[in-house]
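Okay, here's what each chain looks like letter by letter:
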Amino acid sequence: MLPKVTKGYRFLIWFLLSLIILQGVVIFVITRSKKPIMVPMEIKGKIAVVIDDLGYNSNNLAIMKNIKYPMTFSVLPGLSYSQTLARELHRRGFEIILHLPMEPWEKFNMENNTILTSMDETRIKEIIDTDLVAVPYAKGVSNHMGSKVTEDAGTMAIIFNELENRHLYFLDSLVTAKSMGQELADKINLKFAKRDVFLDNIQDAKYIRQQIRQLKIKARDKREAIAIGHDRKVTLEILKEVMPELAKEGYKFVFVSDLVK
């Protein structure tokens, strides 16, 4: 015959069962609320994308606004939309630089107030001052054309000294292999960077995608790379499409100012 269960035993059994249930609930809540450990993605390389020649119109502004990654926009001075685009893109969180017109070896289609190798220091400084006023929020300067100027040590020294005084960096578009930019920047410790890849010398979607693949290789091998494209619909639409893909692959988009040395 089984022993009779007293009230004391019933209470003890009820208490132990309640304790087991309570422990189970606590463990369940802790397990559910615990955040998964996120392993940071390895950065394959940093990429700065620069868009040149802004200022002629605002046709592609809507595409630019919809790009969700850091980009640097290089604005030509004194054009109808220069200030509007500089202000709007700065407001959107993008980086602005002055696209400073410089004399090329080929004498065609030069902008107003293009810096020439024949100019004296006073005139060159006047142009830089005027152009920086025309392009608000500029953190740096790049050369528009300028194959002749960037090969001329005297003219470049005047430009670089002025930029150093204003705490601006210089991005060498590298339109000539004989550019004096790197050498002169090193001499005065000017913050400096140079272009690795041109994206759209040919305005063709297939070509631009090929150049983006070259950009990936450069960024992977050097751990960083700078690409220059232009204010063209096809270029911007492809960038808008591929930048999220590159980010998923582990490439980090940055401003040029993050890569200057």
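How each quantity is defined
Residue positions are given per chain, counted from 1 along the sequence in the order it is written. Side-chain atom pairs in this predicted model are given and counted only at pLDDT of 80 or more, local residue features only at pLDDT of at least 70, and totals for whole chains, interfaces and linings cover all residues. Working from all heavy atoms in the structure, the side-chain values ignore hydrogens and water. To qualify as a helix, a DSSP run of H or I must reach at least 4 residues; to qualify as a strand, a run of E must reach at least 2; elements of each kind are numbered from the N terminus. Burial classes follow relative accessibility: with a 1.4 Å probe on protein chains only, a residue under 20% of its type's maximum area counts as buried, one over 50% as exposed, and anything between as partly exposed. Any pair of residues with heavy atoms lying within 4.5 Å of one another is described as a contacting pair. Each Phe, Tyr or Trp ring (for Trp, its six-membered ring) is paired with any other whose centre lies within 6.5 Å, and the angle between the two planes then decides the class: stacked below 30 degrees, edge-to-face above 60, tilted in between. Polar contact is the term for a pair of N or O atoms within 3.5 Å; when the atoms are in protein, one must be able to donate a hydrogen and the other to accept it, and sequence-neighboring residues count only if both atoms are side-chain atoms. Here, a strand pair is defined by DSSP locating no fewer than two bridges between the strands. Residues grouped as a nonpolar core are buried Ala, Val, Leu, Ile, Met, Phe, Trp, Tyr and Cys residues, joined through side-chain atoms within 4.5 Å. Here, axes are lines fitted to C-alpha atoms. For helices the fit covers the stretch in contact, and angles between N-to-C directions go from 0 to 180 degrees. Should the near helix be turned anticlockwise from the far one by less than a right angle, the crossing is left-handed, and should it be turned clockwise, the crossing is right-handed.

## Examining the environment of L174
Part 1 of the reasoning: Of note, L174 is situated in the loop between β5 (169-172) and α6 (181-188).
Part 2 of the reasoning: Exposure remark for L174: the relative accessible area of 28% places this residue in the partly exposed category.
Part 3 of the reasoning: In the structure, L174 is positioned 24 residues away from F198 in sequence and 9.7 Å away in space, judged by C-alpha atoms.
Part 4 of the reasoning: Beyond its immediate sequence surroundings of up to four residues, L174 is in contact with N143, S179, K194, R195 and F198.

## Things to note about the packing of aromatic side chains
Part 1 of the reasoning: Evaluation of the coordinates by the stated rule reveals 5 aromatic pairs.
Part 2 of the reasoning: For the pair Y69 and F253, a centre-to-centre distance of 5.5 Å together with 55° between the ring planes defines the contact as tilted. Remark: F253 occurs in strand β9 (residues 251-254) and Y69 occurs in the loop between α2 (61-65) and β2 (72-75); sequence separation between them is 184 residues.
Part 3 of the reasoning: The class for Y69 is partly exposed, based on a relative accessible area of 25%.
Part 4 of the reasoning: One aromatic cluster is present, built from ring pairs that chain together F160, F170 and F192.

## Section: the side chain of D200
Part 1 of the reasoning: Mapped onto the elements, D200 comes out in the loop between β7 (197-198) and α7 (205-222).
Part 2 of the reasoning: Assessed through its relative accessible area of 1%, D200 is described here as buried.
Part 3 of the reasoning: Among the polar contacts listed, one links the side chain of D200 to the side chain of T235, at a separation of 2.6 Å.
Part 4 of the reasoning: Once residues lying within four places of it in the same chain are set aside, the contact partners of D200 are Y207, I208, I228, G229, H230, R232 and T235.

## Here we look at the pairing of strand β1 (residues 45-54)
Part 1 of the reasoning: Most of β1 sits out of view: 9 of its 10 residues are buried.
Part 2 of the reasoning: Pairing geometry for β1 and strand β8 (residues 224-230), over 7 bridges, is parallel. Bridged to D52 within β8 is H230.

## A look at the nonpolar core
Part 1 of the reasoning: Membership of the largest hydrophobic core comes to 57 residues, with the highest contact counts inside it found for M71, F73, L89, L100, I159, F160 and F170.
Part 2 of the reasoning: Per-element accounting of this core gives the leading share, 6 residues, to helix α8 (residues 233-249).
Part 3 of the reasoning: Aside from chain neighbours lying at most four places away, what touches L89 is L54, L61, M64, F73, F94 and I96.
Part 4 of the reasoning: In this structure, I97, L171, F198 and L259 belong to the second largest nonpolar core, which totals 13 residues.

## Digging into the environment of D129
Part 1 of the reasoning: Within the secondary structure layout, D129 lies in helix α4 (residues 121-134).
Part 2 of the reasoning: Classification of D129 by relative accessible area gives partly exposed; the value is 36%.
Part 3 of the reasoning: For the pair D129 and E162, spaced 33 residues apart in sequence, the C-alpha to C-alpha distance is 9.3 Å.

## Here's the deal with the packing of α7 against α8
Part 1 of the reasoning: Between α7 and α8, whose axes approach to 11 Å, the crossing angle comes to 35°. The crossing of α7 and α8 is right-handed. Residues A205, I208, R209, I212 and K216 of α7 pack against V234, T235, I238, L239, E241, V242, L246 and E249 of α8.

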